[in-house]
Amino acid sequence: MAESVVIQGVTKRFRIKHVRSLKEIAARAMRGRPDQVDEFVALTDVNLTINEGETVALLGFNGSGKSTLLKCISGVLTPDDGRIGVRGKVAGLIEVGAGFHPDLTGRENVYLNGAILGMTEEQIAERFDDIVAFSEIEDFIDTEVKFYSSGMFLRLAFAVAVHTDPDLFLVDEILAVGDEPFQRKCIARIRELRAEGRTLVIVSHDLNMVADLCDRGILLEHGKVVMDGEPHAVVRRMRGED
Ligand SMILES: Nc1ncnc2c1ncn2[C@@H]1O[C@H](COP(=O)(O)OP(=O)(O)OP(=O)(O)O)[C@@H](O)[C@H]1O
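- Naming follows an unreviewed UniProt entry, where the chain appears as ABC transporter ATP-binding protein of Demequina capsici.
- According to UniProt, the comment filed for the chain under the heading Sequence similarities (unreviewed entry) is "Belongs to the ABC transporter superfamily."

Some remarks on the overall build of the chain
In step 1: Secondary structure summary: the chain contains 8 helices and 9 strands in total.
In step 2: Dimensions along the principal axes, computed over C-alpha positions, put the chain at roughly 65 × 45 × 30 Å.
In step 3: With 242 residues in all, the chain has 38% of them scored as buried.
In step 4: For the chain, contacts bridging at least 24 residues in sequence account for 73% of all contacts bridging at least 6.

Some words on the sheet that holds strand β9 (residues 224–229)
In step 1: Across the sheet, which stays open at both edges, the 6 strands sit in the order β5-β6-β7-β3-β8-β9 with mixed pairing between neighbours. Only two strands of the sheet have a single partner each, and these edge strands are β5 (90–93) and β9. Here the average twist between neighbouring strands, direction ignored, is 15°.
In step 2: Against the sheet, helix α2 (residues 66–74) contacts β3 (55–59), β5, β6 (168–171), β7 (199–203) and β8 (216–221), and its axis sits at roughly 150° relative to β7.

Focus on the site of the ligand
In step 1: Residues in close proximity to the ligand include Phe14, Ile16, Phe40, Ala42, Gly60, Asn62, Gly63, Ser64, Gly65, Lys66, Ser67 and Thr68, which together make up its full environment.
In step 2: For the shell around the ligand, the leading source of residues is α2, giving 3 residues.
In step 3: For the shell around the ligand, the residue count by class is 4 nonpolar, 7 polar and 1 charged.

Digging into unusual backbone geometry
In step 1: Located in the positive-phi region is Asp165, a residue other than glycine, with phi close to 60°.
In step 2: Residue Asp165 is classed as partly exposed on the basis of its C-beta count, with 16 C-beta atoms lying within 10 Å.

Things to note about α2
Along an α-helix, residues three or four apart share an orientation, since each turn contains 3.6 residues.
In step 1: With 7 of 9 residues buried, α2 is to be regarded as a mostly interior element.
In step 2: The complete set of buried residues in α2 reads Lys66, Thr68, Leu69, Leu70, Cys72, Ile73 and Ser74.

Topic: the packing of helix α3 (residues 106–116) against helix α4 (residues 121–135)
In step 1: Contact pair α3 / α4: the axes reach a minimum separation of 10 Å and the direction vectors enclose 125°. Overall, the two elements α3 and α4 adopt an arrangement that is oblique. Note that α3 runs across α4; the crossing there is right-handed. In contact with Val110, Tyr111 and Gly114 of α3, α4 contributes Glu121, Ile124, Phe128 and Ile131.
In step 2: Residues belonging to the contact of α3 with α4 are distributed by class as follows: 5 nonpolar, 1 polar and 1 charged.

Looking at the pairing of β3
In step 1: With respect to burial, β3 is a largely interior element, 5 of its 5 residues being buried.
In step 2: Of the two faces of β3, the one lined by Thr55, Ala57 and Leu59 and the one lined by Val56 and Leu58 are each fully buried.
In step 3: Pairing analysis gives 4 bridges linking β3 to β8, with the strands arranged parallel. What sits directly across from Leu58, in β8, is Ile218.

Details of the packing of α4 against helix α5 (residues 150–162)
In step 1: Packing of α4 against α5 leaves a shortest axis separation of 8 Å and a crossing angle of 140°. Accordingly, the angle class assigned to the pair α4 and α5 is oblique. You can see that α4 and α5 cross each other, and the crossing is right-handed. Packed against α4, whose contacting residues are Ile131, Phe134 and Ser135, the element α5 presents Arg155, Leu156, Ala159 and Val160 at the interface.
In step 2: Looking at the contact of α4 with α5, its residues break down into 5 nonpolar, 1 polar and 1 charged.

Looking at the environment of Gly229
In step 1: Checked against the element boundaries, Gly229 lands in strand β9.
In step 2: For the pair Gly229 and Phe100, spaced 129 residues apart in the sequence, the C-alpha separation amounts to 36 Å.

Side note on the environment of Glu144
In step 1: Checked against the element boundaries, Glu144 lands in the loop between α4 and α5.
In step 2: As for Glu144 and Phe14, which are separated by 130 residues in sequence, their C-alpha atoms are 34 Å apart.

Parameters and conventions
Residues numbered from 1 in each chain as written. Predicted model: local features only at pLDDT ≥ 70, side-chain atom pairs only at ≥ 80, totals over all residues. UniProt positions renumbered as here; feature names shortened; annotations may be inferred. Helix = DSSP H or I, 4+ residues; strand = E, 2+ residues; numbered from the N terminus. Buried ≥ 20, exposed ≤ 12 C-beta atoms within 10 Å, placed from the backbone. Contact = placed C-beta atoms within 7 Å. Pairing = 2+ DSSP bridges. Axes fitted to C-alpha atoms, helices over the stretch in contact; angles between N-to-C directions. Near = placed C-beta within 6 Å. Nonpolar A, V, L, I, M, F, W, Y, C, P; charged D, E, K, R; others polar. Parallel < 35°, antiparallel > 145°, perpendicular 65-115°, else oblique. Left-handed = near helix turned anticlockwise from the far one by under 90°.

As structure tokens, then:
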């Protein structure tokens, strides 16, 4: 089977600067001690291969490194060590609103976001009506998106992303801001993408939903992969049921 994502020895560190009061800053400066910067290792030596057509749930408790790994796969973040190879066209729904300009209308943002995700102007024009119909925000499509609710943002971002024909679709926790009918619609669309043989990596705290949706579960703990297997078994381990 062809590989979709190959992650080799990936480590990601963040620099954490401590916020201090002006008094503390002045005192440290007078003592000749500059502001202290700590390093935080968010991912440690992650090695994974995801094959084409696999549906992967990336699981773990808050702060375990799921979003960081998704951002490294999408290219938003660069690992400090190791390498990541991705085959094909990637669409990521990682941060709602990323790739949208607040002062542009929904319509203009469909073109902007579509272009960022690799579509030509012609392709966007061809799929525009379908995108808007999927998002169900027809009445607000010519409103500046700064006036959108977070759910409306999600609707438009999801609609654009699924209409880009991605080979690899990365979805972070964002479905949570959609209302229940729209969540059901997104999950149905994700199942269609899966049936079409696309590769999916999904981060969600809705453990039952992702375990049912995915055929593989990867568990991160403190930035390390600690389990890789059948998703319901991974969820049972997270819940301490095994
Ligand atoms: N830009 C950043 N600067 C500093 N630390 C960061 C940055 N981004 C993430 N981190 C830290 O890296 C760790 C992993 O964060 P990440 O967002 O990947 O976790 P997560 O598993 O997605 O968590 P959650 O379930 O809460 O969304 C956290 O401790 C977080 O504080």
